[in-house]
Amino acid sequence: MYEFITEKTLEEYEQFVQSHPKGNFAQSYLWGKQKSMWDWDAVAVRDENGKIKGSLALMTRKMPGIGKALMYGCRGPVCDLDDRETFAELIEGAKALAKQKKAYCIKIDPDVPSSNTAFSDMLHSFGFQSKEGGKNFEAINPRYVFRLNVEGKTEEELMAGFHQKWRYNIRLASRKGVTVRICGKEMVPAFSDLMLTTGVRDGFVTRKPEYFEAMLDNLGEHCRLYMAFDEENTPIAGTLAIHYGDKVWYLYGASSNEHRNLMPNYLLQWCMIQWAVEEKCRVYDFRGVSGDVSEDNPLYGLFRFKQGFGGDFTEFVGEMDLVLDKPLYWAFEHGKSLFMDVRKKLYLIKNRDKK
């Protein structure tokens, strides 16, 4: 039987998610605090000894003007992927919550490789439908990532697995006087400026400084802001990383247009990988790349950059939707694409002088 997580069981829930191999920071209550415009809830199932054996955190956001909501289980569930009984109970709990919240859809994008067809088949048997999408960054979270297995490996062993040119660039950055420091909120304005420059250069919408400040507050010791400086102590690049459970994720990255020849991005990646090693993690996650790996794809450079660190190219099963109101679902799915396109164009027009 499922139960809803309460303040009384929240600590137990967090311990379970952090310790489980399928645990993900996006299933944490801490991430729920970061997403303040969404309501956070979690469903759990216990084993015969009374311990949590499966969970699914769900964020709900009301759609303006209609009194209906979208429910999203980001990178959930957290459970044994072969345990159909537990998954069924988690979905029953999600449906009950969706009824309370008047949700028109329950969306999940599990941390499960697409090669696990048995899991995809199970989702379909419960009524979930695969969300059609492209191979770039059309989904809420990236479907294609690079992941580096760091479990039990030394820094020397990991470095040896990098492409020779990547090892050279890491060392070149140090020789050129680039230094990397772990910074606090005092460097968020500089990081945010670099993010804006990067967004305009590469054609994506960026977050406001307040969002990054909130990440450092809400995630606490789980989140680090790495900043790279040149010899004159000018910030030239930065990254935000999250450590949770047995993984470290590279979440945001930014760089100036003028100092890319100093290779700060290579050194920043190495510092975040070192964090994963220090924490005895199993995985370092480079996050999103395009699934279109043709060299004429404008995103191919990002693919090559992450590929050079020797990680595994991974495709997830993608977004899966349990549709509870078909007319509303159709309307919102089609309207969302148009809204995102218009938003991106207006953003780039507004900030084109920042390139």
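It should be noted that the structure appears before, not after, this text.
As the structure is a prediction and not an experimental result, all values here were calculated from the model. (Residues numbered from 1 in each chain as written. Predicted model: local features only at pLDDT ≥ 70, side-chain atom pairs only at ≥ 80, totals over all residues. Heavy atoms only, no water.)

Draft legend 1. Up close: the pattern of salt bridges. In total, this model carries 16 salt bridges according to the counting rule given. Linking R46 and E3 is a salt bridge whose minimum nitrogen-to-oxygen distance equals 2.8 Å. Of this pair, R46 sits in strand β2 (residues 39-46) while E3 sits in strand β1 (residues 2-4), placing them 43 residues apart in sequence. Taken together, the shared-partner salt bridges in this structure form one network comprising K22, D111, R147 and D285. (Salt bridge = Lys/Arg side-chain N within 4 Å of Asp/Glu carboxyl O. Helix = DSSP H or I, 4+ residues; strand = E, 2+ residues; numbered from the N terminus.)

Draft legend 2. Geometry of unusual backbone geometry. The omega torsion across G76 and P77 is 5°, close enough to zero to call that bond cis. Mapped onto the elements of the fold, P77 is located in the loop between β4 (69-73) and β5 (78-79). The residue R75 is not glycine, and still its phi comes out positive at about 60°. For K280, which is not a glycine, the phi torsion comes out positive at approximately 55°. On the secondary structure map, K280 appears in the loop between α9 (264-278) and β13 (283-288).

Draft legend 3. Just the sheet that holds strand β11 (residues 235-244), in detail. Taking strand neighbours across the sheet as the criterion, the seven strands line up as β9-β10-β11-β12-β13-β8-β14 in an open arrangement whose pairing is mixed. Each having just a single partner strand, β9 (179-183) and β14 (312-315) make up the two edges of the open sheet. Across the sheet, the axes of successive neighbouring strands diverge by a mean angle of 30°, strand direction being ignored. Sitting on the sheet, helix α10 (residues 300-307) is in contact with β8 (144-149), β12 (247-255), β13 and β14, with an inclination near 175° to β13. (Pairing = 2+ DSSP bridges. Axes fitted to C-alpha atoms, helices over the stretch in contact; angles between N-to-C directions. Contact = heavy atoms within 4.5 Å.)

Draft legend 4. Broad picture of α9. Here α9 contains 15 residues, and its C-alpha end-to-end distance of 21 Å stays within 8% of the 21 Å for a straight helix at 1.5 Å per residue. With respect to burial, α9 is a largely interior element, 12 of its 15 residues being buried. Listed as buried for α9 are P264, Y266, L267, L268, Q269, W270, C271, M272, I273, Q274, W275 and A276. Once α9 ends, the next one or two residues include K280, with phi positive near 55°. (Expected span 1.5 Å × (residues − 1). Buried < 20%, exposed > 50% of the residue type's maximum accessible area, 1.4 Å probe, protein only.)

Draft legend 5. Spatial organisation of the nonpolar core. The biggest cluster of nonpolar side chains holds 48 residues, and the ones touching the most others in it are W31, F191, M215, L225, L240, I242 and Y252. Take this core: its biggest share by element is five residues, from helix α8 (residues 209-219). Aside from chain neighbours lying at most four places away, what touches Y252 is F191, M195, R207, Y211, F212, M215, G238, T239 and L240. In this structure, L148, A173, A228 and Y266 belong to the second largest nonpolar core, which totals 36 residues. (Core = buried A, V, L, I, M, F, W, Y, C linked by side-chain atoms within 4.5 Å.)

Draft legend 6. Up close: the side chain of D230. Position of D230 among the secondary structure elements: in the loop between β10 (223-229) and β11. Buried within the structure, D230 lacks any salt-bridge partner; its nearest side chain of opposite charge belongs to R181, at an N-O separation of 8.8 Å. Of the polar contacts made by the side chain of D230, one reaches the backbone nitrogen of T234; its length is 2.8 Å. Excluding its chain neighbours within four sequence positions, the residues that come into contact with D230 are G177, I236, H259 and L262. (Lys, Arg positive; Asp, Glu negative; His and termini not counted. Polar contact = N/O pair within 3.5 Å; in protein donor to acceptor, adjacent residues only side chain to side chain.)

Draft legend 7. Looking closely at the layout of surface pockets. Each pocket or cavity is described by its volume, and for the second largest pocket that value is around 210 Å³. Lining the second largest pocket are 13 residues, and of these P113, R147, R282, V283 and T314 lie nearest its centre. Put simply, the parts of the chain that give the lining of the second largest pocket at least two residues each are β8 and β14. For the lining of the second largest pocket, the element with the most residues is β8, which contributes three residues. Broken down by class, the residue content of the lining of the second largest pocket amounts to five nonpolar, two polar and six charged. (1 Å grid on protein atoms, 1.4 Å probe; cavity = no way out; pocket = protein on both sides within 12 Å on 5 of 7 lines; lining within 4 Å. Points joined across faces, edges and corners; volume = space filled by probe spheres on them. Nonpolar A, V, L, I, M, F, W, Y, C, P; charged D, E, K, R; others polar.)

Draft legend 8. Region of the structure containing helix α6 (residues 164-175). Across its 12 residues, α6 extends 17 Å between first and last C-alpha, which sits within 8% of the 16 Å expected from 1.5 Å per residue. Regarding α6, the residues found buried are W166, N169, I170, L172 and A173. For α6, the angular spread of the buried residues around the axis is 160°, confining them to a single face. On the buried face of α6, the contacting elements are α5 (155-160), α9 and α10. Among the residues trailing α6, G177 stands out with phi positive, at a value near 90°. (Arc of directions from axis to C-beta.)

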